[in-house]
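In case you want the letters, here they are:
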Amino acid sequence: MSRIGYKTVTIPDGVDVKRDGNEVTVKGPKGTITRTFSPIITMDVKDGEVNFDRPDSNNKTRALHGTTRANFNNMVEGVTKGFGKTLKLVGVGYRAQLKGKLILSVGYSNPVEMDVPSSLKVEVPDNNTIIISGISKQEVGDFAAEIRAVRSPEPYKGKGIRYENEHISLKEGKTGK
């Protein structure tokens, strides 16, 4: 059984945590994140440490306990270090460009244009690499998944948009006579 919810979250220097009822705001050097947590889980802020506690041990409360702690920890980590994902475009003629919008040429008849959320920073260091960074782990992951969904890797040649360290197991093609 997991005991993630009982782990203490230490607040680094330069990070400010404010609580207003169920709404928690974490402010740090990279920005500010606000999130509403469940009223079931209690949060205690003392001496630069945050502890979470649950009233009982039924399944829903136990799951919410660990999730609340993990989400808060990701908020603290996001405003101090930030989060990032790297995507690779694999395929002949596949390329990405950043001209206000993210433009993907991935084998369709027209290029796919995507609006970049204002809270994220997107870089295209070369034609086949996209780097997404931001303070919210959820927003970074969602936008990376959105880009990957434009042309997810196919299992025969491995062409498509994939995460940097993603392994695609290739299938064998048809056998000839």
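Note that the coordinates shown come from a computational prediction; the quantities given were computed from them, not determined experimentally.

## Section: the UniProt feature "domain: Large ribosomal subunit protein uL6 alpha-beta" (unreviewed entry) in the protein chain
Reasoning step 1: Mapped onto this numbering, the UniProt entry gives "domain: Large ribosomal subunit protein uL6 alpha-beta" (unreviewed entry) at residues 11-82 and 90-163.
Reasoning step 2: Helix makes up 31% of residues 11-82 and strand makes up 38%, while its end C-alpha atoms are separated by 15 Å.
Reasoning step 3: Split by type, residues 90-163 is 19% helix and 36% strand. Its first and last C-alpha atoms lie 10 Å apart.

## Quick word on the domain arrangement of the protein chain
Reasoning step 1: According to the domain assignment, the protein chain contains domain 1 (4-81) and domain 2 (83-163).
Reasoning step 2: One C-alpha centre belongs to domain 1, the other to domain 2, and the line joining them spans 31 Å.
Reasoning step 3: Contact with domain 1, which involves nine residues of that partner, is made by five residues of domain 2.
Reasoning step 4: Taken together, both faces of the contact between domain 1 and domain 2 bury some 500 Å²; the carbon and sulfur share is 61%.
Reasoning step 5: It is Ile33, Asn74 and Gly78 that lose the most area in domain 1 upon contact with domain 2, and together they represent 58% of the buried surface on that side.
Reasoning step 6: Our enumeration of links across domain 1 and domain 2 arrives at zero salt bridges.
Reasoning step 7: Those elements giving two or more residues to the side of domain 1 that touches domain 2 turn out to be strand S4 (31-36) and helix H1 (59-80).
Reasoning step 8: If one sorts the elements of the side of domain 1 that touches domain 2 by residue count, S4 sits on top with four residues.
Reasoning step 9: Residue classes in the side of domain 1 that touches domain 2 are distributed as one nonpolar, four polar and four charged.

Rules behind the numbers
- Residues numbered from 1 in each chain as written.
- Predicted model: local features only at pLDDT ≥ 70, side-chain atom pairs only at ≥ 80, totals over all residues.
- Heavy atoms only, no water.
- UniProt positions renumbered as here; feature names shortened; annotations may be inferred.
- Helix = DSSP H or I, 4+ residues; strand = E, 2+ residues; numbered from the N terminus.
- Domains from an automatic or database assignment.
- Contact = heavy atoms within 4.5 Å.
- Buried area = accessible area lost by both parts, 1.4 Å probe.
- Salt bridge = Lys/Arg side-chain N within 4 Å of Asp/Glu carboxyl O.
- Nonpolar A, V, L, I, M, F, W, Y, C, P; charged D, E, K, R; others polar.

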